[in-house]
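# Report on the structure
So the chains spell out like this:
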Amino acid sequence: MSFGQGGPQWGSGGSGSQPPQWSNRSPDWAALAEASETRNRRRKWLLIGGGALATVAVGAAVAVAVVSADSDKQASNKPASQLPATADIPSNSTGPEPSFEATSAPPPLDPKEFISDVKKDTAPLAPDTFFPGTQLTMGEAVYKKGALASTKNCASAAQGTLGAVLTKNDCTRLMRVTYAKDGVAVTVGVAVFDTEAKALKAKVDADKQSVVQSLNGEGVPVFCRAAICRSTTNSYGRYAYFTVAGFTNGKDVTQKDAKVFTTGDDLAEFTFRQIRRRGEAQASEAADQ
C-alpha cells in the first residue's frame, strides 16, 4: 500500500517478515503515476459494470412482476369452464354450521273462551253494544232499528214457557231490540248467563212455547202478542238468543211467508256475529298485552 509521496512501502510477509529497508534511491514517479491511473480506470469500469448488472437485475424483477400480473389477469379472464371446480375452491369455514333451536309462535287465543265465562267476559255490556246505529244492512236488505230494552228480571220480558227456562238457568240479564222492514218486524232477545253451560242448558230446555216478548215502540206497533209468529232459539258462549218475527198488522205467519223467515234468520245471524265479535275483540286485546 502506498501512503503517498515519499511514504514507506511494505513488503509481503507475515509476522516473521523482515523490517522494511530504507533506500536513498529516488522513486520512479512516472511508473507510479501510470500504475495509479491503471488502478483508477479499473475501479471505474468495475463501478460501471456493477451499475449495469444492477439495472439488468431491476429490469428482470419488473419483467417478472409484469409477467406474473399478466398471468393473473389471464387467469381471471378465463371462461367459467376453465375455472377451478367448486370442489377445488376452499370454503370460508371448516367448522360446523351454527344451529338454532326451532321456535314457534304461541297459539292464538280462542275468542270463544272470552265469551264463555263471566270471569273472562269483562267488556262493557249494553244493548247498543250489540246493536249499534239506526239501521242494519244484511246483504241487500236494510232494516230500520226500533226500540231497545234491557232488564235483569229476565222472565218479565218472556212469553210462554221461556220465563221459567230463563229463571231455572239463572239468567242474569235480558236485552232486546226490534228491527222492521216492509210491514214485517222482528224482536231479538239476548239472555246472559254466567257460564256457557247454563246458556246451553237454557237452549235445550226451551220448547216451541218458549218465546221472547216482542218489543214495540220507535215507530213499530205492537205485534206478535196474539197472532201466530215465527220464533227461533240458539246459543253461543254464555249467551242464549231468541227471535220472534211477524207482521206488524197482526196477520198470522204461515210457511209461505218467506220474507218473515228471512227477516228472522237475518237478525239471528247478525246477533251471532255480534257475540262472536265481542269474543274476538277481547282476545285481540289480551294478545296485545
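Throughout what follows, the structure given in this document is the object of discussion. (Residues numbered from 1 in each chain as written. Predicted model: local features only at pLDDT ≥ 70, side-chain atom pairs only at ≥ 80, totals over all residues. Heavy atoms only, no water.)

Evaluation of the coordinates by the stated rule reveals eleven salt bridges. One salt-bridge network, held together by shared partners, links Asp 121, Arg 238 and Arg 278. (Salt bridge = Lys/Arg side-chain N within 4 Å of Asp/Glu carboxyl O.)

Strand order in this open sheet of six strands is E1-E2-E4-E5-E8-E7, and the pairing throughout is antiparallel. Every interior strand has two partners, whereas the edge strands, strand E1 (135-138) and strand E7 (230-236), have only one. Put simply, the sheet's adjacent strands are angled 25° from each other on average, direction ignored. Pairing between E7 and strand E8 (residues 239-247): seven bridges, direction antiparallel. Bridge pairing in E8 places Tyr 236 opposite Tyr 239. Here helix H4 (residues 196-205) sits on the sheet and contacts E7 and E8; the angle it forms with E7, its principal contact strand, is near 155°. Contacts between helix H5 (residues 258-288) and the sheet are confined to E1, strand E2 (141-151), strand E4 (173-181), strand E5 (184-192), E7 and E8, with E8 contributing the most and set at about 155° to the helix. (Pairing = 2+ DSSP bridges. Helix = DSSP H or I, 4+ residues; strand = E, 2+ residues; numbered from the N terminus. Axes fitted to C-alpha atoms, helices over the stretch in contact; angles between N-to-C directions. Contact = heavy atoms within 4.5 Å.)

We now examine the packing of aromatic side chains. All chains considered together, the criterion is met by four aromatic pairs. Note that Lys 120 overlies the ring of Phe 114, its terminal NZ or CZ placed 5.8 Å from the centroid. Between the NZ or CZ atom of Lys 251 and the centre of the ring of Phe 247, over which it lies, the distance is 5.1 Å. (Phe/Tyr/Trp six-rings, centres within 6.5 Å; stacked < 30°, edge-to-face > 60°. Lys NZ or Arg CZ within 6 Å of the ring centre and 35° of its normal.)

With respect to the secondary-structure elements, Ser 214 resides in the loop between strand E6 (210-212) and E7. By relative accessible area, which is 2% here, Ser 214 ends up buried. Side-chain polar atoms of Ser 214 contact the backbone oxygen of Phe 223, separated by 2.5 Å. Sequence-distant contacts of Ser 214, defined by excluding residues within four places in its chain, comprise Arg 176, Thr 187, Phe 223, Cys 224, Arg 225 and Val 244. (Buried < 20%, exposed > 50% of the residue type's maximum accessible area, 1.4 Å probe, protein only. Polar contact = N/O pair within 3.5 Å; in protein donor to acceptor, adjacent residues only side chain to side chain.)

Turning next to unusual backbone geometry. Residues apart from glycine generally show negative phi values, whereas peptide bonds are mostly found in trans. In this structure, Asp 170 is a non-glycine residue whose phi angle is positive, near 60°. You can see Asp 170 is positioned in the loop between helix H3 (162-168) and E4. Residue classification places Asp 170 among the partly exposed positions, given a relative accessible area of 41%. Backbone geometry at Cys 224 places phi at a positive 55°, although glycine is not the residue there. Along the chain, Cys 224 falls in the loop between E6 and E7. Assessed through its relative accessible area of 7%, Cys 224 is described here as buried.

Quick look at the nonpolar core now. Phe 131, Tyr 179, Val 190, Tyr 239, Leu 267 and Ile 275 are the most contacted members of the largest nonpolar core, which totals 27 residues. Only E1, E2, E4, E5, E8 and H5 provide two or more residues apiece to this core. Here this core gets six residues from one element, more than from any other, and that element is H5. Not counting the four nearest positions on each side in its chain, Ile 275 is found in contact with Ile 115, Phe 130, Tyr 236, Tyr 239 and Tyr 241. Counting residues in hydrophobic clusters, the runner-up holds 21 residues, among them Val 165, Leu 174, Ala 191 and Phe 193. (Core = buried A, V, L, I, M, F, W, Y, C linked by side-chain atoms within 4.5 Å.)

This paragraph deals with the state of the cysteines. Overall, the coordinates contain two disulfides when judged by the stated rule. There is a disulfide in this structure between Cys 154 and Cys 171, and the S-S distance comes to 2.1 Å. Measuring the twist about the S-S bond at about -75°, one finds the Cys 154-Cys 171 disulfide to be left-handed. Taken together, the positions of Cys 154 in the loop between E2 and strand E3 (158-160) and Cys 171 in the loop between H3 and E4 put the pair 17 residues apart, joining distant regions of the chain. Under the relative-accessibility criterion, Cys 154 is labelled buried at 4%. Across the disulfide from Cys 224 sits Cys 229; the S-S distance is 1.9 Å. On the sign convention where negative means left-handed, the S-S torsion of about -100° between Cys 224 and Cys 229 marks this disulfide as left-handed. What makes Cys 229 partly exposed here is its relative accessible area of 22%. (Disulfide = S-S within 2.5 Å.)

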